[in-house]
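Chain by chain, the residues:
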Amino acid sequence: MNFSAFRRRSLVLRAGYRLSAETELAGLAVRPYAGLAYELELNDDPVSVTAGSNTMSGRFAAPGFAPPGDWLNVDIGIAARLEGGTHAVVGYSGRTGSGDRRDHLLKLGLRAVF
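Below or above, wherever it landed, is the structure these notes cover. This one's a predicted model, so the numbers in the text were calculated from it and none came from an experiment. (Residues numbered from 1 in each chain as written. Predicted model: local features only at pLDDT ≥ 70, side-chain atom pairs only at ≥ 80, totals over all residues. Heavy atoms only, no water.)

## Description of the pattern of salt bridges
Summed over all chains, the structure comprises six salt bridges. Of the charged contacts in the structure, one is a salt bridge between Arg 81 and Glu 22, with a shortest N-O distance of 2.5 Å. One end of the pair, Arg 81, is in strand β7 (residues 70–81); the other, Glu 22, is in the loop between β2 (12–20) and β3 (23–25), with 59 residues separating them in the sequence. Classification of Arg 81 as partly exposed rests on a relative accessible area of 40%. We classify Glu 22 as partly exposed; its relative accessible area is 43%. A salt bridge links Arg 95 to Asp 103, with the shortest nitrogen-to-oxygen separation between them at 3.9 Å. (Salt bridge = Lys/Arg side-chain N within 4 Å of Asp/Glu carboxyl O. Helix = DSSP H or I, 4+ residues; strand = E, 2+ residues; numbered from the N terminus. Buried < 20%, exposed > 50% of the residue type's maximum accessible area, 1.4 Å probe, protein only.)

## A short note on the pairing of strand β9 (residues 103–111)
With nine bridges joining them, strand β8 (residues 87–97) and β9 adopt antiparallel strand pairing. Looking at the pairing, Ala 88 lines up with Leu 110 of β9. Connecting the antiparallel pair β8 and β9 is a turn made up of five residues, with Gly 99 showing a positive phi of about 95°. (Pairing = 2+ DSSP bridges.)

## Things to note about the side chain of Glu 41
Tracing the chain through its elements places Glu 41 in strand β4 (residues 28–41). Judged by its relative accessible area of 6%, Glu 41 falls in the buried class. There is a polar contact of 2.8 Å between the side chain of Glu 41 and the side chain of Ser 10. In this view, Glu 41 contacts Arg 8, Ser 10, Leu 11, Val 12, Pro 67, Pro 68, Gly 69 and Trp 71; residues no more than four positions away in its chain are not counted. (Polar contact = N/O pair within 3.5 Å; in protein donor to acceptor, adjacent residues only side chain to side chain. Contact = heavy atoms within 4.5 Å.)

## Examining the pairing of β4
As paired strands, β2 and β4 are joined by nine bridges and run antiparallel to one another. Looking at the pairing, Arg 18 lines up with Gly 35 of β4. What sits between β3 and β4 in their antiparallel hairpin is a turn of two residues, with Ala 26 showing a positive phi close to 55°.

## With respect to a nonpolar patch on the surface
A grouping of Leu 36, Tyr 38, Leu 72, Val 74 and Ile 76 is seen on the molecular surface, where their side chains present a nonpolar patch of about 390 Å² in accessible area. Breaking the nonpolar patch down by element, the ones donating at least two residues are β4 and β7. Among the elements that line the nonpolar patch, the one with the most residues is β7, at three residues. With respect to the helices and strands, the residue Tyr 38 is situated in strand β4. Residue Tyr 38 is classed as partly exposed on the basis of its relative accessible area, which comes to 39%. (Patch = residues over 30% accessible without salt bridge, like charges linked within 9 Å, V, L, I, M, F, W, Y side chains within 5 Å. Areas by Shrake-Rupley, 256 points an atom, 1.4 Å probe, with all protein chains shown as cover.)

## Overview of unusual backbone geometry
For Ala 26, which is not a glycine, the phi torsion comes out positive at approximately 55°. By the element assignment, Ala 26 lies in the loop between β3 and β4. Taking the relative accessible area as the measure of exposure, Ala 26 reaches 80% and is therefore exposed.

These results come straight from atomic positions and should not be treated as a statement about function.
See below:
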């Protein structure tokens, strides 16, 4: 099989709000955060992919990626400043919207400054 090249252009409009505050908990500087954003795909034309067989003549077109029209992003978590310039973060990000796709992401991070 061989496939022709294709190009997909995208333009996404995003509006949202993020809250965070630094406080102290059990002697640690912590920063809880929460964010919510709405995103709208302004160029949601579906892509068509042209393909053919290497051993037979002829080509055909198949529908490719069709992006969702809009979706909602949620981001919540907490970051902590540990001793010696080390930071830790635990968080969740989720995405849902038009279409069947749902994304869930659990974030665990550790950053050390030398």
